[in-house]
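Structural description and commentary
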Amino acid sequence: MQRAMAALPLLNLFSLQNSNNLRHLYCSLSLLPLKKLHFSSNPRNFTRRFSISSTEPQISLNSSINAELEPYLSCSMPGKRLKIAVLISGGVDSSVALRLLHHAGHSCTAFYLKIWFQEDYENFWSACPWDEDLKYAEAVCDQIGVPLEVVHLTDEYWKNVVSYIIEEYRCGRTPNPDVLCNTRIKFGAFMDAISSLGFDYVASGHYARVVHSSYQADGPSVLVLSEDVVKDQTYFLSHLSQGQLKQLLFPLGSISKDEVRRLAANMDLPNKDRKDSQGICFLGKIKFSDFVARHIGELEGVLLEAETGYFLGKHRGFWFYTIGQRQGLRLPGGPWYVVEKDVKNNVVFVSRNYFSFDKRRRRFRVGSLKWLNESPPDQVDQLLCKVRHGPSFYSCSLTMEPGKDEDAAVVHLSEDDQGLAAGQFAAFYKGKTCIGSGVILESWDDQGFPVCAKALEIASMEDKSKLGEPVKIKTKPESSSKNSKHKDNGELHRESVNPEIIATDVTDSRRQTSQGVLSSFPINLLQKLREKIMQIF
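Per an unreviewed UniProt entry, the chain goes by tRNA-5-taurinomethyluridine 2-sulfurtransferase and derives from Macleaya cordata. Here is the UniProt Sequence similarities (unreviewed entry) comment for the chain, exactly as written: "Belongs to the MnmA/TRMU family." A UniProt comment under Catalytic activity (unreviewed entry) is attached to the chain, and it reads "5-taurinomethyluridine(34) in tRNA + S-sulfanyl-L-cysteinyl-[protein] + AH2 + ATP = 5-taurinomethyl-2-thiouridine(34) in tRNA + L-cysteinyl-[protein] + A + AMP + diphosphate + H(+)".

Pasting the structure below:
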């Protein structure tokens, strides 16, 4: 009785969903030895949460749920007793991945990566930005008695990801922070931090599959598409090295998103109803435009129509825009798209003819090529390519550029693409296998969107105050816009108009979602994605 009473103060460390589970935990705690709280040799990098001794069996809450999980373990290496480090974010995907690995019989330790630079943004927050995520992560781990470590990688994240992003935007390119985060932080700095702790694999809730060689210890590991083609995240993992890939497990690789949601509900996970996170991984609830303004600043420039040179309005700096972007331009009579940027003169060129068929967008260069098998493929004329995250592929061929490093190539797509942006990644596939990726350097046959001579002349003007007021854009009736989505649906008149009036006719740019990512999607592809996602949920 004394032992049981001594365990009572520990119950508040666990977040369980019902009284039956609470009683089960109480009985378990009265029998299991307890570990004391402690810190690693570097307390700045690791913080250990309370856990049950890893030498004892971890808690299994419901035998009926365990039986249901058996068909979903194909990517979790069932039948082996492995020591696995599981990255957990507080979201549903990583939580289900943890439960699958736990059920497969592995000894799991969960890790939460603290990469947010809170001090720099203390005025933006009323509460710690990672507080809610961490509480959910703790509750999920406590439910099955899995230990949780909090790893501080703020400095590493700033140095290897954020500073690179800022510099790329200063240069007028559009980087992909999620690819960099996977390569340099989650499966880079984090793997380095735990390299001496004896883990067999590192696992996460990514939608992808890794096939490890079963017949040769040093054989290559292969990155394969997820069963859920819409949710598939191989694009974000395409720049990993073979050394990184060999250490990875993705338990959700053979499961669809709707199945993951159903499993979370059946498991009664504390975060079963939590929405998926959106936007850039390190920003949390902060708007991307606020982040850019904080670190790069603002500099007023002009918006010019590419075909005519007409002065349409002003912007806060070219670095807020990416090629193919539609939202946030605050121009009526559209849709308008960003088609070119003059970095030197801080001018953004826009057009309503972005989908015109005479604009070729089939050829572009890539650099910093990295092959998952550590060497270029033998045949480069029959590949598939993704130029952004999503279910769509292009057939393509590569022309490798001469050089001792073989890290650059020209990509020839089978179809036109409307949103190629320098700084983004192009991932390459052979069938369902991802073989590598590179950074997009130049696009559109190295010519860019055809900006007229008058527009280029105006862009080079030193004193743009001489332009006067923006032209008035006359919008055609709504029916005309609907009947011809890709045709010009407005007229320009050389009349003065207050730019504030123009701004009132459009949706507030603050309603953007993942600026610079979704905004660069072709409209027809976005519609298909929305329809597919609605079917899933």
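That covers the picture; the talk isn't over yet.
Before going further, it helps to spend a moment on the overall build of the chain. A count of helices and strands for the chain gives 15 helices and 20 strands. The 537 residues of the chain split such that 53% are buried. In the chain, the proportion of contacts linking residues at least 24 apart, taken out of those at least 6 apart, comes to 71%. Summing over all exposed atoms, the chain offers an accessible surface of approximately 25500 Å²; the carbon and sulfur share of this is 49%.

Per-residue pLDDT for the chain averages 76, and the proportion of residues at 70 or more is 68%. Here residues 50–61 is a poorly scored stretch, pLDDT under 50, and it has 36 contacts once near neighbours within four places are set aside; other chains count.

In this section: helix α5 (residues 131–144). Between its first and last C-alpha, α5 extends 21 Å over 14 residues, near the 20 Å set by a 1.5 Å rise per residue. Turning to α5, its buried residues are L134, A137, A139, V140, C141, D142, Q143 and I144. As for α5, its buried residues are in contact with α4 (92–103), β3 (107–114) and β4 (148–152). Directly after α5, the chain includes G145, whose backbone phi takes a positive value near 70°.

This part takes up the packing of aromatic side chains. Summed over the entire model, instances satisfying the criterion amount to eight aromatic pairs. With a centroid separation of 4.9 Å and 70° between ring planes, the pair formed by F318 and W319 is classed as edge-to-face. Considering the side-chain rings of W319 and F320, the 6.4 Å spacing of their centres and the 40° angle between planes classify their relative orientation as tilted. Just as W319 is buried, F320 falls in that class too. Counting every residue linked through ring pairs, the aromatic cluster contains F111, F190 and F199. One cation-aromatic arrangement involves K83 over F199; the distance from NZ or CZ to the ring centre is 4.9 Å.

Strand order in this open sheet of four strands is β10-β9-β12-β11, and the pairing throughout is mixed. Edge strands, defined here as strands with exactly one partner in the open sheet, are β10 (311–315) and β11 (337–342). In this sheet, neighbouring strand axes are inclined to one another by 30° on average, regardless of whether the strands run parallel or antiparallel. Inspection of the sheet shows strand β9 (residues 301–305) paired to strand β12 (residues 347–351) by four bridges, in the parallel sense. What sits directly across from E305, in β12, is V350.

Another point: the pairing of strand β2 (residues 83–87). Within β2, four of the five residues are buried, which leaves the element mostly enclosed by the surrounding structure. As judged from the five bridges shared by β2 and β3, these two strands associate in the parallel manner. Pairing of I84 across the sheet is with C108, part of β3. Running through α4, the crossover from β2 to the neighbouring parallel element β3 is right-handed. Inspection of the sheet shows β2 paired to strand β5 (residues 201–203) by three bridges, in the parallel sense. Paired with V86 across the strands is A203, a residue of β5.

Tallying each qualifying case throughout the model produces 17 salt bridges. Note that K135 and D131 form a salt bridge whose closest N and O atoms lie 3.3 Å from each other. Here K135 pairs with D131, and both are found in helix α5, just four residues apart, close to one helical turn. When the shortest N-O distance is used, the salt bridge between E300 and K314 registers 3.6 Å. Of the two residues, E300 sits in the loop between α11 (288–295) and β9 while K314 sits in strand β10, which places them 14 residues apart along the sequence. Each member of the salt-bridge network shares a partner with another, and the members are D93, K231, K257, R261 and D276.

If you look at the biggest cluster of nonpolar residues, it comprises 76 residues, and the most contacted ones within it are F187, F190, V202, L223, L248 and F349. The leading source of residues in this core is helix α7 (residues 177–193), at eight residues. Residue assignment places this core across two domains, with domain 1 (81–205 + 251–267) and domain 2 (298–356 + 451–460) each supplying three or more. Look past the residues within four positions of F349 in its chain and what remains in contact with it is L304, A306, Y337, V338, V339, E340, K341, D342, V451, A455, L456 and A459. Core analysis: the next-biggest nonpolar cluster, separate from the first, contains 38 residues, L69, Y201, I255 and M267 among them.

Here we take up the packing of α4 against α5. Closest axis-to-axis distance for the α4/α5 pair is 11 Å, and the angle between their directions is 20°. Relative to α5, α4 is oriented roughly parallel. By crossing handedness, the relation of α4 to α5 is classed as right-handed. Residues S95, L98, R99 and H102 of α4 form the contact with α5, whose participating residues are V140, C141, Q143 and I144. Grouping the amino acids of the contact of α4 with α5 by side-chain chemistry returns four nonpolar, three polar and one charged.

Once that is clear, we can look at the pairing of β9. Most of β9 sits out of view: five of its five residues are buried. Strand direction decides the pairing type here: β9 and β10, joined by four bridges, are antiparallel. Bridging from a neighbouring strand, L304 pairs with F311 of β10. In sequence, β9 turns back onto β10 through a hairpin of five residues, with G309 there showing a positive phi of about 85°.

Conventions we followed
Residues numbered from 1 in each chain as written. Predicted model: local features only at pLDDT ≥ 70, side-chain atom pairs only at ≥ 80, totals over all residues. Heavy atoms only, no water. UniProt positions renumbered as here; feature names shortened; annotations may be inferred. Helix = DSSP H or I, 4+ residues; strand = E, 2+ residues; numbered from the N terminus. Buried < 20%, exposed > 50% of the residue type's maximum accessible area, 1.4 Å probe, protein only. Contact = heavy atoms within 4.5 Å. Areas by Shrake-Rupley, 256 points an atom, 1.4 Å probe, with all protein chains shown as cover. pLDDT = per-residue confidence, 0-100. Expected span 1.5 Å × (residues − 1). Phe/Tyr/Trp six-rings, centres within 6.5 Å; stacked < 30°, edge-to-face > 60°. Lys NZ or Arg CZ within 6 Å of the ring centre and 35° of its normal. Pairing = 2+ DSSP bridges. Axes fitted to C-alpha atoms, helices over the stretch in contact; angles between N-to-C directions. Right-handed = clockwise from strand over helix to strand, strands pointing away. Salt bridge = Lys/Arg side-chain N within 4 Å of Asp/Glu carboxyl O. Core = buried A, V, L, I, M, F, W, Y, C linked by side-chain atoms within 4.5 Å. Domains from an automatic or database assignment. Parallel < 35°, antiparallel > 145°, perpendicular 65-115°, else oblique. Left-handed = near helix turned anticlockwise from the far one by under 90°. Nonpolar A, V, L, I, M, F, W, Y, C, P; charged D, E, K, R; others polar.

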